[in-house]
Amino acid sequence: YVEHAPGFAVKDNIFRLNLATPNGRLALGGALFASDSPGGVVEDNQFLGNKGTVAWRSSVTNCAGGAAFAAGSDDLSVQGNIFADNACAVLGRALGGALAIINSKEPQIIANNFERNTGMLFGKIGSSPYSNFIGGGGVGMAHVRGGLVLSNTFFANVAGGSFVGDPASSKV
């Protein structure tokens, strides 16, 4: 958890099998949450199997960033990381199975690997007042100005409005 920490650095770590704890109706960043922290650096980390997934029939309706979430963090640099097997799956809006960035200016996402990440909704689009938004199996950005996405590898990421299997299970 990083908040009001300009110039923060998160480097050379392994984040494995973490779960976002819902705050009200939100599940944000299964492994890393950054807010109002401009100029931060997230570099050479591994984000493996983290989730913003919640129990079936939970009141949580929105998920952003199964592995990492940033808001209000201008000039954020995300570079040289591996994001694999992360998931953001809820009854409502899902943004970024691996990484979500909102309300930020000039983020840089460079030379990362995004593999088998999932941004999914339980049920079908339009089945609830919240189930109308899916963005990016690997990366989702909203209300972002400028920025650069360069030299990343995206492999077998999924964003969709249907779900196969039991949403309460460990497999998404």
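Residues numbered from 1 in each chain as written. Predicted model: local features only at pLDDT ≥ 70, side-chain atom pairs only at ≥ 80, totals over all residues. Heavy atoms only, no water.

1. Examining the sheet that holds strand β16 (residues 113-115)
Then comes step 1: Pairing is parallel in the open sheet, where 5 strands are placed in the order β3-β7-β11-β16-β21. Every interior strand has two partners, whereas the edge strands, β3 (14-16) and β21 (153-155), have only one. The average undirected angle you get between the axes of adjacent strands in this sheet is 5°.
Then comes step 2: One ladder, built from 3 bridges, connects strand β11 (residues 82-84) with β16; its direction is parallel. Across the sheet, F83 pairs through a bridge with F114, a residue of β16. (Pairing = 2+ DSSP bridges. Helix = DSSP H or I, 4+ residues; strand = E, 2+ residues; numbered from the N terminus. Axes fitted to C-alpha atoms, helices over the stretch in contact; angles between N-to-C directions.)

2. Things to note about the pattern of salt bridges
In a structure, side chains of opposite charge can pair up when their charged atoms sit close to one another.
Then comes step 1: All chains considered together, the criterion is met by 2 salt bridges.
Then comes step 2: Linking R116 and D85 is a salt bridge whose minimum nitrogen-to-oxygen distance equals 2.9 Å. Placement of the pair is R116 in the loop between β16 and β17 (118-121) and D85 in the loop between β11 and β12 (87-90), with a sequence separation of 31 residues.
Then comes step 3: R116 gets classed as partly exposed once you look at its relative accessible area, which sits at 37%.
Then comes step 4: Between R116 and E115 there is a salt bridge; the shortest N-O distance is 3.5 Å.
Then comes step 5: Note on E115: relative accessible area 24%, which makes it partly exposed.
Then comes step 6: Connected through salt bridges with shared partners, the residues D85, E115 and R116 form a single ionic network. (Salt bridge = Lys/Arg side-chain N within 4 Å of Asp/Glu carboxyl O. Buried < 20%, exposed > 50% of the residue type's maximum accessible area, 1.4 Å probe, protein only.)

3. As for the nonpolar core
Then comes step 1: Grouped together as the largest cluster of nonpolar side chains are 21 residues, with contacts concentrated most on F47, F83 and L99.
Then comes step 2: Taken together, the elements giving at least two residues each to this core come down to β5 (32-35), β9 (68-71) and β14 (99-105).
Then comes step 3: Not counting residues up to four positions away in its chain, the partners in contact with F83 are F47, A67, A68, V78, A98, L99, N112, N113, F114, E115 and N117.
Then comes step 4: Counting residues in hydrophobic clusters, the runner-up holds 8 residues, among them F33, F69, A71 and I102. (Core = buried A, V, L, I, M, F, W, Y, C linked by side-chain atoms within 4.5 Å. Contact = heavy atoms within 4.5 Å.)

4. Considering the sheet that holds β14
Then comes step 1: Pairing in this open sheet of 5 strands is parallel, and the strands run β1-β5-β9-β14-β19 from one edge to the other. A single partner strand is all that each edge strand has here, and the edge strands are β1 (2-3) and β19 (139-145).

5. Details of the environment of A89
Then comes step 1: Following the sequence through the fold, A89 ends up in strand β12.
Then comes step 2: Spatially, the C-alpha atom of A89 lies 9.9 Å from that of G160, the residues being 71 residues apart in sequence.

6. Digging into the pairing of β14
Then comes step 1: Counting buried positions along β14 gives 5 out of 7 residues, so the element sits mostly inside the fold.
Then comes step 2: Sheet topology places β9 next to β14; 4 bridges connect them, and they run parallel. The partner of A68 across the bridge, within β14, is L99.
Then comes step 3: In this sheet, β19 lies alongside β14 in parallel orientation, the contact comprising 6 bridges. Pairing of L99 across the sheet is with V139, part of β19.

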